Each structure stands twice: as C-alpha cells, then as structure tokens.
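Here are the chains, one letter per residue:
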Amino acid sequence: MYDFDLTVVGSANADLVIDVERRPAAGETVLGSDLAVHPGGKGANQAVAAARLGARTALLARVGDDAYGRLLLDSQRAAGVDTAQVLVGKAPTGVALITVDPSGDNSIVVSPGANAHLTPEDVRAAAALLGASKVVSTQLEIPLETVVEVVRRLAPGTRFVLNPSPPVPLPDEVLAAADPLIVNEHEAGVILGDGAAGDTPEQWAKALLERGPRSVVVTLGGEGALVATRDAITRIAAVSVDAVDTTGAGDAFTAALGYGLGAGATLEAAATYAARVGALAVTRRGAQDSYPTAEEVDTL
Ligand code: ADP
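Everything numeric in this text was worked out from a predicted model, so none of it was measured.

(A) A look at the site of the ligand. In the region of the ligand, 17 residues are neighbours, and N184, T219, G221, G224 and V239 sit closest. At 3.1 Å from an oxygen atom of the ligand is found a side-chain nitrogen or oxygen belonging to T219. One of the backbone nitrogen or oxygen atoms of G221 is found 2.7 Å away from an oxygen atom of the ligand. Here the ligand has 550 Å² of accessible area as a free molecule, and 83% of this is covered by the chains. The element contributing the most residues to the shell around the ligand is helix α10 (residues 267–282), with four residues. A per-class count over the shell around the ligand returns ten nonpolar, seven polar and no charged.

Here you go:
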C-alpha cells in the first residue's frame with residue numbers, strides 16, 4: 001500500500017574535511033592534509049543509512065547544479081534512494097568546512113546554500129510522496145517553517161520522526177507530532193531550555209514528554225539509548241564495539257529507528273535494532289561510508 005518505508009525531508013551537504021596539527025586561531029593560517037570531500041548532511045545521511053538497510057527510501061532535499069550536488073545525487077542513487085524529489089536549483093549545494101585535529105576535535109563552518117531554499121512550497125508540491133510513506137523523518141538543517149509544513153501535510157497513517165538537530169526551541173505543533181522525538185543530551189537541553197532538564201536522561205525524557213511528543217528517544221552515545229512513552233521508560237543497552245569514529249552515528253540510529261517503526265516494530269524493538277546499527281557505524285570512519293547493510297547488522 002505504501003511506496004516508501006521512509007521519506008527523509010532534510011539537508012544534503014558536501015563535507016570538506018582537512019586534517020590539521022592544530023586548528024587555526026583568528027588571523028592564523030595552518031597547513032593541513034589533502035582535502036577529502038564526502039557526501040553528508042543529516043538528511044542525506046539518514047536516507048543512505050535507511051536504504052542500505054533495505055528500506056524503500058526517498059529523499060526530499062535541495063542541491064545546487066554543481067559538482068557537489070552531483071556527488072550527493074550519486075551517493076543517494078548508489079545506496080538505492082529514490083531521488084525524484086532531490087530538487088536542483090540555483091543556490092549552491094550546502095557545504096560543511098571541517099578541520100579535524102589529531103585528538104579528533106573538530107571545527108565546522110556550515111554554508112547551508114540550497115538547504116536554506118527547501119521551502120514549505122516544496123513540501124506542498126511533494127504531498128503525494130509524503131502520503132505514500134509509512135514514516136517521514138526530518139532534522140533541523142532545513143528551515144523550521146519547512147518542518148512545520150511537513151507536519152501539516154502528513155497523511156493520517158504516516159508516522160513522524162524528528163531529530164531536532166541543530167536544536168532550536170520548537171513550536172508545540174511540531175513537538176506534538178513527533179513520535180518519537182529523538183535527542184541527545186545537548187538537544188534535550190536546548191529544547192527544554194536552560195536548567196529545566198534535571199540530572200538524568202530519565203528526567204529529561206519525562207520533561208520532554210510533558211512538552212507534547214507522543215514518544216521520546218534519548219541517545220547516549222556509548223551508553224546506548226533510552227525510550228520513553230507515557231507508560232514506560234526503558235533503557236536500551238549499547239552494543240559493545242571498538243569505536244573508531246562517531247561521525248554520523250546519530251543519523252544511522254535515527255534512520256534505522258524510523259525504518260523499524262514503519263515495519264511495525266515496537267519503539268523498544270526498533271531502538272534496540274537502531275542501537276546495533278549505530279554501533280556498527282562507529283566502528284568505521286566517515287558517515288555514509290560507515291553505514292551497515294541489514295546482513296551486517298544480523299551478524300553483529
Ligand atoms: P548523536 O550523534 O546524535 O549524539 P549518539 O552519539 O548518541 O548520537 O549515537 C547514536 C547511537 O549510536 C547511540 O544511541 C548508540 O546506540 C550508538 N552508539 C554511538 N556511539 C557508540 C559507541 N561508542 N558504542 C556503541 N554504540 C554507540
């Protein structure tokens with residue numbers, strides 16, 4: 001009945017990465033490694049992660065008519081994502097300039113470019129796609145008004161998954177639709193406002209539920225995750241792995257969770273599956289390059 005297990009409405013960026021001995025101070029120039037260019041952006045990452053797991057996945061996003069836009073379209077298609085709604089326009093493809101020092105700390109400047117031009121009108125034009133999807137997920141690297149329009153255009157049977165990253169205070173209408181709202185500690189703090197969160201993830205989850213979402217998932221890195229509904233709060237243990245690079249783990253987790261929920265899993269079962277996918281993603285370098293297939297998850 002549904003054409004897609006998951007439609008992601010979100011960002012697509014080229015990640016431009018240079019390793020440096022030391023990140024430059026104001027006015028300083030430092031020499032770094034050769035430039036590495038990777039497809040990225042939370043929306044594009046989530047779509048690739050879901051498709052690699054076998055989900056029938058579509059991406060609604062905007063890129064520019066340039067080399068980075070083609071790189072992003074190629075990586076989506078290679079993973080099996082439907083790109084009919086990856087819109088190509090005049091604004092340049094979004095770019096993240098990333099410098100990484102030997103300790104793994106990074107500094108990032110994002111130029112949203114085309115992502116800032118994904119409009120409510122684009123969402124209205126893609127209403128048929130949203131209606132043909134079991135689950136729709138968004139993040140916040142696109143305009144908030146576009147996310148609001150997604151919520152307004154959801155078909156009655158479609159589930160909405162929201163990872164509010166980068167976080168901003170959210171309108172009630174958006175919070176109320178999220179099922180679940182997926183946050184890490186930092187995002188929970190921003191959504192709740194300073195000092196409102198309490199000390200434990202359980203307290204953050206309870207406080208977040210009071211803001212209206214039907215369910216909440218708190219991701220806790222190497223500590224796993226926590227799922228919360230009005231009936232119960234359950235810890236999901238992390239799978240023990242040798243972590244090499246956590247880039248994009250949250251996106252892999254969110255994609256796997258959305259796919260699992262669309263397949264009819266309970267929130268707890270979907271989060272358990274997502275924790276396995278997130279764990280595999282941290283065992284390899286990069287974001288999209290690190291995402292596992294369903295077979296790899298089964299044999300973990
Ligand atoms: P975010 O990038 O959004 O902060 P996290 O770092 O919490 O997200 O990662 C998302 C999920 O990936 C976690 O909830 C966990 O299940 C898994 N994960 C992340 N880091 C590790 C790790 N070091 N070991 C095992 N699992 C991990």
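There is more to say after this.
(B) The pattern of salt bridges, seen in detail. Using the criterion set out here, one finds 14 salt bridges in the structure. Notably, a salt bridge pairs D251 with K42, separated by 3.1 Å at the nearest N-O pair. With a gap of 209 residues between them, D251 in helix α9 (residues 249–262) and K42 in helix α1 (residues 42–52) connect regions that are remote in the sequence. D251 gets classed as buried once you look at its relative accessible area, which sits at 3%. We note a salt bridge from E121 to R124, for which the minimum N-O separation is 3.0 Å. Taken together, the positions of E121 and R124, both in helix α3 (residues 120–125) and three residues apart, correspond to about one turn of that helix. Residue classification places R124 among the partly exposed positions, given a relative accessible area of 33%.

(C) Here's a closer look at the side chain of T57. With respect to the helices and strands, the residue T57 is situated in strand β4 (residues 57–64). A distance of 2.9 Å separates a polar atom in the side chain of T57 from the backbone oxygen of A55. Not counting residues up to four positions away in its chain, the partners in contact with T57 are F4, L6, A47, A50, A51, G80, V81 and D82.

(D) Structural context of the environment of D179. By the element assignment, D179 lies in the loop between α6 (172–177) and β10 (181–183). Each C-alpha atom of the pair D179 and V135 lies 9.9 Å from the other, and the pair is 44 residues apart in sequence. Not counting residues up to four positions away in its chain, the partners in contact with D179 are R159, F160, V161, R214, S215 and L261.

(E) A look at the nonpolar core. Ranked by internal contacts, the top residues of the largest apolar core, which has 44 residues, are L59, V217, F253, L257 and Y291. Of all elements in the fold, only β1 (4–9), α1, β4, α2 (67–79), β12 (225–228), α9 and α10 reach the threshold of two or more residues within this core. Among the elements that make up this core, the one with the highest residue count is α10 (eight residues). For L257, the residues in contact, after removing those within four places along its chain, are P180, I182, V217, L267, A270, A271 and A274. Core analysis: the second largest hydrophobic core is formed by 39 residues, A58, L118, L192 and L226 among them.

(F) A look at unusual backbone geometry. Omega for the peptide link from S165 to P166 comes to -5°, which places this bond in the cis form. With an omega of 10°, the peptide bond running from D179 to P180 counts as cis.

(G) Local environment of the packing of α1 against α9. Where α1 contacts α9, the axes come no closer than 8 Å and their chain directions differ by 55°. If you check the angle between α1 and α9, you find them oblique. The way α1 lies across α9 gives a crossing that is right-handed. Contact residues: α1 offers K42, N45, Q46, A49 and A50, while α9 offers D251, A252, T254 and A255. Partitioning the contact of α1 with α9 into residue classes produces four nonpolar, three polar and two charged.

(H) Region of interest: the pairing of β4. Burial analysis of β4 places eight of its eight residues in the buried class, which makes it a mostly covered element. Residues of β4 alternate between two faces, with T57, L59, A61 and V63 on one and A58, L60, R62 and G64 on the opposite face, all of them buried. Across four bridges, the pairing between β1 and β4 is parallel. Counterpart to V8 in the pairing with β4 is L59. In the sheet, β4 pairs with strand β5 (residues 86–89) via four bridges, with the strands oriented parallel. Paired with A61 across the bridge in β5 is V86. Tracing the backbone out of β4, into α2 and back to the parallel element β5 gives a crossover that is right-handed.

(I) Quick peek at the pairing of β1. Across the six residues of β1, six count as buried, placing the element largely inside the fold. Inspection of the sheet shows β1 paired to strand β8 (residues 133–138) by five bridges, in the parallel sense. Note that in β8 the partner of T7 across the bridge is V136.

Each value, and the rule that gives it
Along each chain, the written sequence defines residue order, and numbers are assigned to residues from 1. Predicted model: local features are reported for residues with pLDDT of at least 70 only, side-chain atom pairs are reported and counted for 80 or more only, and whole-chain, interface and lining totals are derived from all residues. Water and hydrogen atoms play no part in the side-chain values, which are based on all heavy atoms of the structure. Note on definitions. A residue lies near a molecule or strand when any single heavy atom of the residue is within 4 Å of it. Definition of a polar contact: a pair of N or O atoms within 3.5 Å, with one able to donate and the other able to accept a hydrogen when the atoms are protein atoms, and with sequence-neighbouring residues admitted only if both atoms are side-chain atoms. Using a 1.4 Å probe, the Shrake-Rupley method yields the accessible areas, and only the shown protein chains count as cover for residues. Helix numbering and strand numbering both begin at the N terminus, where a helix is a DSSP run of H or I of at least 4 residues and a strand a DSSP run of E of at least 2. For this scheme, ten residues count as nonpolar: Ala, Val, Leu, Ile, Met, Phe, Trp, Tyr, Cys and Pro. Four count as charged, namely Asp, Glu, Lys and Arg, and the remainder, Gly too, count as polar. For this document, the term salt bridge refers to a Lys or Arg side-chain nitrogen within 4 Å of an Asp or Glu carboxyl oxygen. Only protein chains enter the accessibility calculation, which uses a 1.4 Å probe; a residue is then buried when its area is under 20% of its type maximum, exposed when over 50%, and partly exposed in between. We call two residues in contact when some of their heavy atoms are within 4.5 Å. Each nonpolar core is a collection of buried residues, namely Ala, Val, Leu, Ile, Met, Phe, Trp, Tyr and Cys, held together in the definition by side-chain atoms within 4.5 Å. For every element, the axis is a line fit to its C-alpha atoms; helices are fit only across the contacting stretch, and the angle between N-to-C directions ranges from 0 to 180 degrees. Angle categories are assigned with fixed cut-offs, so that under 35 degrees is roughly parallel, over 145 is roughly antiparallel, 65 to 115 is roughly perpendicular, and the rest are oblique. Two helices cross in a left-handed way if the nearer one is turned anticlockwise from the farther one by less than a right angle. They cross in a right-handed way if the turn is clockwise. By this definition, two strands are paired if DSSP reports at least two bridges between them. By convention, orient the strands away from the viewer: a clockwise path from the first strand over the helix to the second makes the crossover right-handed.

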